[in-house]
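Structural description and commentary
Each chain, written out:
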Amino acid sequence: MSEQDYEESGPNPRDGVARESSPFINSAEMDRGNMYEGKNMALFEEEMDSNPMVSSLLNKLANYTNLTQGVVEHEADEDSKRKEVKVPRMGTFIGVYLPCLQNILGVILFLRLTWIVGTAGVLESFIIVFMCCACTMLTAISMSAIATNGVVPAGGSYYMISRSLGPEFGGAVGLCFYLGTTFAGAMYILGTIEILLTYISPSAAIFKAEEVGEETEAMLNNMRVYGTCIIILMAIVVFVGVKYVNKLALVFLACVILSIIAIYAGVVKTAFDPPDFPICLLGNRTLSKRSFDVCAKFTESNNETKTTTLWRLFCDSSLLNATCDDYFSLNNVTEIQGIPGIMSGVLADNLWSAYSEKGSIVEKKDQPSVAGSEDTKMGGLPYVFTDIMTYFTMLVGIYFPSVTGIMAGSNRSGDLKDAQKSIPTGTILAISTTSFIYLSCIVLFGACIEGVILRDKFGEAVNGNLVVGTLAWPSPWVIVIGSFFSTCGAGLQSLTGAPRLLQAIARDGIVPFIQVFGHGKANGEPTWALLLTAGICEIGILIASLDSVAPILSMFFLMCYMFVNLACAVQTLLRTPNWRPRFKYYHWTLSFLGMSLCLALMFICSWYYALIAMLIAGCIYKYIEYRGAEKEWGDGIRGLSLNAARYALLRVEDGPPHTKNWRPQLLVLLNLDSEQLVKHPRLLSFTSQLKAGKGLTIVGSVLQGIYLDKCTEAQKAEENVKALMGVEKTKGFCQIVVSPHFRDGISYLIQSAGLGGMKHNTVLMAWPQSWKQTENRFSWKNFVDTVRETTAAQQALLVAKNIDLFPTNQERFTEGNIDVWWIVHDGGMLMLLPFLLRQHKVWRKCKMRIFTVAQMDDNSIQMKKDLQMFLYHLRLNAEVEVVEMFENDISAFTYEKTLMMEQRSQMLKQMQLSKNEREREAQLIHDRNTASHSAPAVKASVAAAVPEKVQMTWTKEKFVAEKHKNKDSNVSGFKDIFNMKPEWGNLNQSNVRRMHTAVKLNGVVLNKSQHAQLVLLNMPGPPKNRKGDENYMEFLEVLTEGLDRVLLVRGSGREVITIYS
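Now for a quick tour of the structure. Remember, it's a predicted structure, so these values are computed and weren't measured experimentally.

1. Focus: the sheet that holds strand 10 (residues 796-801)
Taken together, 10 strands build an open sheet; the order of strands is 8-7-6-9-10-15-14-11-12-13 and the sheet is mixed. Of all strands in the sheet, those with a lone pairing partner are strand 8 (733-739) and strand 13 (879-884), marking the two edges. Across the sheet, the axes of successive neighbouring strands diverge by a mean angle of 20 degrees, strand direction being ignored. Of the strand pairs in this sheet, strand 6 (residues 666-670) and strand 9 (residues 762-766) are connected by four bridges, and their pairing is parallel. Bridge assignment links valine 668 to a residue of strand 9, and that residue is leucine 764.

Right, dumping it as structure tokens:
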């Protein structure tokens, strides 16, 4: 079948997945009259419904347009509901380059980059920026490959990851990306407030520091109050008019570009006319100019020496003989230029790092200084203090958000004229531009600005000016106002984009608990998602510190980028046929390097945040795996699983597993009724109890007929079996075989089920209860042939008798025994099965008992000791009992059983009765056979309706009494009917001996194990002479009479349990 066949056939009834929108699907409403006019295509007439004409395919392809973001992607009637969408006309520059530029350049550049350069030094700052930019560049290359591999509907990174790595990864990373975007909104808002309260209007602060050292806390409280107000305001703006946000985007971008131009212009100006920003130093310590005006201890005017404000800050009075701070007395006050200019050679001083503890004073390294007494309190003195402890990895976490925003172009893929060309070109150009800006700014800041100013985060040494602003031309206010509006705009855009991303994930239906956020206003605006976004944003605002929020969103973005790289690497390495990106400049090694770099940066930024982010993503992944909707998106992880499975299968092909690794790999043979429903569901319950999800389980069944006629029934049967497997929690595969003969179908399954080394080694089936009924005269033949074929295939066989009495998975045995009757050793299966069963909750509280049979010449005491030692070495806990079976004469009862068995066999073979007569006579013999020893509790109605379910329960007393009964009455009954009673001496002596064994063993087993929860017995093999097959069934019936739950076990002939480690 062609690809179109599969597409057109609609949802696959087996997985319930709606088909994905595609331009290649032939519309059912298309007028077929003009599709094959004339006789040119008459040969293909009958296939036109599923295989479209090439002309109609190309016509649909030409008319295909992307849907805008927010439209439901998986709707069965999508084609009929699709509305006209105006042709997108955005090019690379407007559609990708500028949005990326605007999203990448932002708050960190203006508020923190100078401080990072001053703290880490030019060289280490260069390394930080280079690492982060390399990470985004490698991610952009991977993203370009994915984005150009076919049509990318709107949805950006979420769409790309989910369709490349599957719904579990897509949902997990999509939600991480959503959280990252939301926290980015919080960071931009915090940046906005910091600019407002620190640089534009410090008097607007609500909370003031009442005591020394409370400045930071007061600032954080101001952030919280103002941040909450701004979030409410922004949420209202987004709710009321999102179109105005998009229109203002260009204004905000203009602010950013003008600010950057002002910085470069300022740098050029410093070469010949540096700006005048003097810094006041006391010794080598930087002083905050917020508290004083004149940088001197005293001034002289009219030959009179007066102390300055600075003097009064360090001394207890304004008099010249006042007691002053030691350090103030010992060191001189000097004034240096804060921005000496690009030609000054200050770059050499700023090359190296100057990390410091929290609360330490910002000092100039090579300035002369005399140390004062150590016990002097620093609080209240006008020094510039560091507000947080600084180290390399922390700075990476704070800086990384300034390189995020590379997805802005791919998020607009629905609005681009040629997305496959624009996304790679625009994104890579934008990253190149911003990387150049960042790297050049680091060098220029280090070359133009004095180190103490760089390390002064809030510009206290330069009268509370923004440090970048001091460098800018024509005025610091260009940067202050520009950065204020750009951070405002970025915050608004985050609050606009994040709810749409959440809405897209919710509408995909893969995460059930967020589906409510898929709803919104009539025009599709995501109202509920906006509320949630504002709520999460408020968490970031309550943290209140820009330096604390930045690493959080770094984690989420890094995780998203890591999975974009992983998606590209997986698709490239798998070489899937559909992986044909138009963007050719990618390689799996680059993607792998990008992925490794993202992971490394996560742990460099903050190892505990990284672990928390991974835990969140892991929880979402597992939640989608267990509760989410099944989706088949042709993702790379599915392909990776197939490759891994193939590799593993080739590895295990070499030979049979070692005894230590042996576990039953089951082929479960089910019987289906006329409605293709499973006859004995408890067989699957028993399977899941025995397997507990480990190893291989193949559930097979046979439908009689021709496959062409029965294919729909086979599909229905497979659905029913899979549904029951789901209910019974049986993890495995289903295989339905259609065969003209039932017996051949079973043979095919035994021979060919499984693949390579993943083949079954054990067959589990139910005992054919109705084997004595003449309408099922072939059931016992099929059963015996199955026993023979499993032996020939060297496979173990488990036969569950009275399977409908076995427990369900919900039942719990609180007491009881699992009795093992170990008659002959055939590999140790009998020991292993109870151990496996007791791992399951149903059987956990049952005790294991092992019985073995001693003959006349056996030393039963020694046998018991040996068996206990054997079990000790096997590490199995079980009670051991040796049962002695004495040789005695064959009882009359045994002869009677053998006689009846042979009579029925002869009757069915020799007497050519009509079908009705045969049924009547066979039933009569069956009734006479069972009446003499059936349990009195069995109701007559049950016996008449379902004779195969009669339970022949025996007690020891009844058994003994029956053996001494007068047999003449029974014999005479048959004599009246047939007049052909053979003498006991004429009976087949082999059959008599076997019946004797069956009767004696049954008596012994009933005596010990009648009340056991489960009895496991060695299953004797079928006779080599096929003429005795029916007799074999009778022997097994007699052997297990009176027992509720029996598992007959026949080993494969190889050891399955070992005493060695």
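2. Some words on the state of the cysteines
In total, this model carries two disulfides according to the counting rule given. Between cysteine 280 and cysteine 295 runs a disulfide, and the two sulfur atoms are separated by 1.9 Å. Its torsion about the S-S bond being 85 degrees, the disulfide of cysteine 280 and cysteine 295 is classed as right-handed. Here cysteine 295 lies in the loop between strand 2 (285-286) and strand 3 (298-301) and cysteine 280 lies in strand 1 (residues 278-282), a separation of 15 residues in the sequence. The residues cysteine 280 and cysteine 295 share a single accessibility class, namely buried. Here cysteine 315 is linked by a disulfide to cysteine 324, with a sulfur-sulfur distance of 1.7 Å. Between cysteine 315 and cysteine 324, the S-S torsion sits near 105 degrees, and that sign places the bridge as right-handed. The exposure class assigned to cysteine 315 is buried, which follows from its relative accessible area of 9%. In this structure cysteine 176 is a free cysteine whose sulfur lies 8.3 Å from that of cysteine 560, the closest cysteine sulfur available. For cysteine 176, a relative accessible area of 0% puts it in the buried group.

3. Here we look at the environment of isoleucine 442
The residue isoleucine 442 is located in helix 16 (residues 419-448) in this model. We classify isoleucine 442 as buried; its relative accessible area is 0%. For the pair isoleucine 442 and leucine 113, spaced 329 residues apart in sequence, the C-alpha separation works out to 7.6 Å. The residues touching isoleucine 442, leaving out its near neighbours within four places in the chain, are Leu113, Val117, Val122, Ser125, Phe126 and Val129.

About the criteria used
Residues numbered from 1 in each chain as written. Predicted model: local features only at pLDDT ≥ 70, side-chain atom pairs only at ≥ 80, totals over all residues. Heavy atoms only, no water. Pairing = 2+ DSSP bridges. Helix = DSSP H or I, 4+ residues; strand = E, 2+ residues; numbered from the N terminus. Axes fitted to C-alpha atoms, helices over the stretch in contact; angles between N-to-C directions. Disulfide = S-S within 2.5 Å. Buried < 20%, exposed > 50% of the residue type's maximum accessible area, 1.4 Å probe, protein only. Contact = heavy atoms within 4.5 Å.

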